[in-house]
Amino acid sequence: MQKQFVIEKLPTDFCHASVILRLSAGKKLCCWFGGRKEGTADVAVWCSRYDNGDWSGPCKLANGLEANWNPVLLAIKDKIMLFFKEGQKISNWKTLFMESYDEGESWSESTELVAGDESGGRGPVRNKPILLTDGRIIAGGSTERGLWKAFADYSDDGGRTWKKSADIGIKGLLYKAGEKTAESDIAVSMQSFYGRGVIQPALWESAPGKIHMLLRSSEGFIYRSDSDDNGMTWLAAYPTQMPNNNSGIDLVKAPFDGCLYLVCNPVAANWGMRSPLSLFKSSDNGCSWQKITDLETDAGEFSYPAIIADAEGIDITYTWQRKNIVCCRLNKTEL
């Protein structure tokens with residue numbers, strides 16, 4: 001396993017929520033958000049490019065009038081789309097996007113993904129969209145308003161227009177308005193500690209038309225939902241046996257062996273510790289998981305992983321103590 005820091009000198013007080021995309025000729029693009037403190041108006045989207053073994057210095061891509069959050073990258077045909085959230089209140093996020101036609105060297109102005117949306121943000125909320133067998137783009141979305149709920153957003157025209165599925169939630173879950181669900185010293189915006197449910201889906205396609213998602217939850221375990229109609233309708237979320245600390249997860253279906261690779265903090269506690277950070281493998285469509293390795297085991301925060309795969313292996317990025325982003329490369333022989 002090869003590991004390196006993405007950022008040589010951090011230009012902000014913190015960094016968090018990275019995403020990674022492979023470009024041509026072995027190049028990579030990594031984005032994250034950072035500023036003075038999570039949720040403050042100065043928080044912007046930053047990026048760095050990998051080429052010939054080195055990462056470039058951080059470059060600011062998006063800096064709105066309000067806080068920016070959760071960048072997401074998608075390569076489709078001849079363009080790259082960058083999605084991100086904007087808003088001081090998580091419950092009122094709106095989703096903006098930018099496009100690049102030169103592998104991230106230059107970008108369009110930011111535009112609202114769904115004009116006039118006031119639902120808390122359309123499109124991908126945290127993890128990468130996937131391209132289905134029939135060409136549909138499908139993204140995992142969610143909202144955080146008391147009872148957290150997920151949904152799928154899908155586009156059949158290359159990302160120009162989007163349609164939203166019905167909400168996906170946990171049946172029978174109760175939440176009292178204004179209830180604080182945890183005490184924690186994790187450096188998140190205080191508003192995050194209010195609410196229960198499932199958010200931030202990670203998606204895969206097991207067969208044409210059969211789409212699945214794993215979900216971050218407040219209930220101590222990763223939850224799951226399934227769709228048999230290309231993501232238009234979904235089962236109610238149900239628990240898996242994988243622990244979850246109410247922190248970000250990500251997975252990828254690898255082209256070299258067809259298996260699923262999941263990165264998460266396997267800690268069964270609402271707002272539990274964000275260490276260890278571990279890599280798991282499933283060869284039965286997510287029914288069971290085998291630990292491959294621990295990426296981090298020290299005390300502190302190692303969180304919000306992003307994972308992608310190519311024909312030769314996988315790339316993972318994650319938050320390192322909110323002071324850097326780590327990029328890992330594992331070849332398929334190590335998996």
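Scroll up a little and you will see the structure.
Residues numbered from 1 in each chain as written. Predicted model: local features only at pLDDT ≥ 70, side-chain atom pairs only at ≥ 80, totals over all residues. Heavy atoms only, no water.

Asker: Where do I start with the pairing of strand 13 (residues 147–155) in this structure?
Answerer: Each regular strand carries side chains that alternate between the two faces of the sheet. Of all nine residues in strand 13, seven are buried, a share of seventy percent or more. Where strand 12 (residues 137–143) meets strand 13, seven bridges bridge the pair, whose relative direction is antiparallel. Paired with Gly140 across the bridge in strand 13 is Ala152. Hairpin connection of strand 12 to strand 13: three residues between the antiparallel strands, including Gly146 at a positive phi of 75°. Of the pairings in the sheet, the one linking strand 13 to strand 15 (residues 196–207) comprises two bridges and is parallel in character. Pairing of Trp148 across the sheet is with Gly197, part of strand 15. With two bridges connecting them, strand 13 and strand 14 (residues 163–164) associate as antiparallel partners. Within the sheet, the bridge partner assigned to Tyr154 lies in strand 14 and is Lys163. (Buried < 20%, exposed > 50% of the residue type's maximum accessible area, 1.4 Å probe, protein only. Helix = DSSP H or I, 4+ residues; strand = E, 2+ residues; numbered from the N terminus. Pairing = 2+ DSSP bridges.)

Asker: I tried to follow the pattern of salt bridges on my own but got confused; where do I start?
Answerer: Any two side chains of opposite charge can pair, on the condition that their charged atoms come close. Scanning the entire structure with this criterion turns up 23 salt bridges. Of the charged contacts, one joins Glu38 and Arg322 as a salt bridge, the two residues approaching to 2.8 Å between their closest N and O atoms. Pair noted here: Glu38 is in the loop between strand 3 (28–35) and strand 4 (44–51) and Arg322 is in the loop between strand 24 (313–320) and strand 25 (324–331), with a separation of 284 residues, a long-range link. Residue Arg322 is classed as buried on the basis of its relative accessible area, which comes to 5%. The residue Asp167 makes a salt bridge to Lys164 at a minimum N-O spacing of 3.1 Å. We classify Asp167 as partly exposed; its relative accessible area is 44%. Judged by relative accessible area, Lys164 falls into the partly exposed class, the value being 35%. What you see here is one network of salt bridges that share partners, running through Arg22, Lys28, Asp310, Asp315 and Arg329. (Salt bridge = Lys/Arg side-chain N within 4 Å of Asp/Glu carboxyl O.)

Asker: Just checking my understanding: could you explain the sheet that holds strand 10 (residues 111–112) for this structure?
Answerer: Strand pairs in the sheet, formed through backbone hydrogen bonds, run parallel or antiparallel to each other. Spatial strand order, 7-8-9-10: four strands in an open sheet with antiparallel pairing. This sheet does not close on itself; its edge strands, each paired only once, are strand 7 (68–76) and strand 10. Relative to strand 9 (residues 94–100), strand 8 (residues 79–86) runs antiparallel, the two being bridged by seven bridges. Looking at strand 9, one finds that Leu82 is bridged to Met98.

Asker: Where do I start with empty space enclosed by the protein in this structure?
Answerer: Space left empty within the atom packing is revealed by a probe, the size of a water molecule, rolled over the atoms. All chains considered together, the criterion is met by one cavity of 30 Å³ or more. Looking at the lining of the largest cavity, the elements that each hand over two or more residues are strand 7 and strand 15. (1 Å grid on protein atoms, 1.4 Å probe; cavity = no way out; pocket = protein on both sides within 12 Å on 5 of 7 lines; lining within 4 Å. Points joined across faces, edges and corners; volume = space filled by probe spheres on them.)

Asker: So what exactly am I meant to see when it comes to unusual backbone geometry here?
Answerer: Here the amide bond leading from Ser275 into Pro276 is cis, since omega sits at 5°, within 30 degrees of zero. Structurally, the position occupied by Pro276 is in the loop between strand 20 (260–264) and strand 21 (277–282). Non-glycine residue Asn285 carries a positive phi angle of around 60°. Phi at Gln321 is positive, roughly 60°, even though this residue is not glycine. Within the secondary structure, Gln321 is located in the loop between strand 24 and strand 25.

Asker: Hey, could you run me through the layout of surface pockets in this one?
Answerer: Counted as a void, the largest pocket has a volume near 480 Å³. When residues of the lining of the largest pocket are assigned to their parent elements, the largest contribution, four residues, is made by strand 7. Among the residues making up the lining of the largest pocket, the classes are represented as 16 nonpolar, no polar and five charged. (Nonpolar A, V, L, I, M, F, W, Y, C, P; charged D, E, K, R; others polar.)

Asker: Looking at this structure, how should I read the side chain of Arg122?
Answerer: Within the element layout of this structure, Arg122 appears in the loop between strand 10 and strand 11 (130–131). For Arg122, a relative accessible area of 10% translates into the label buried. In terms of polar contacts, Arg122 uses its side chain to reach the backbone carbonyl oxygen of Trp162, at 3.4 Å. When near neighbours in sequence (up to four residues on either side) are disregarded, Arg122 contacts Lys85, Thr95, Leu113, Val114, Asp117, Phe151, Asp153, Trp162, Lys163 and Lys164. (Polar contact = N/O pair within 3.5 Å; in protein donor to acceptor, adjacent residues only side chain to side chain. Contact = heavy atoms within 4.5 Å.)

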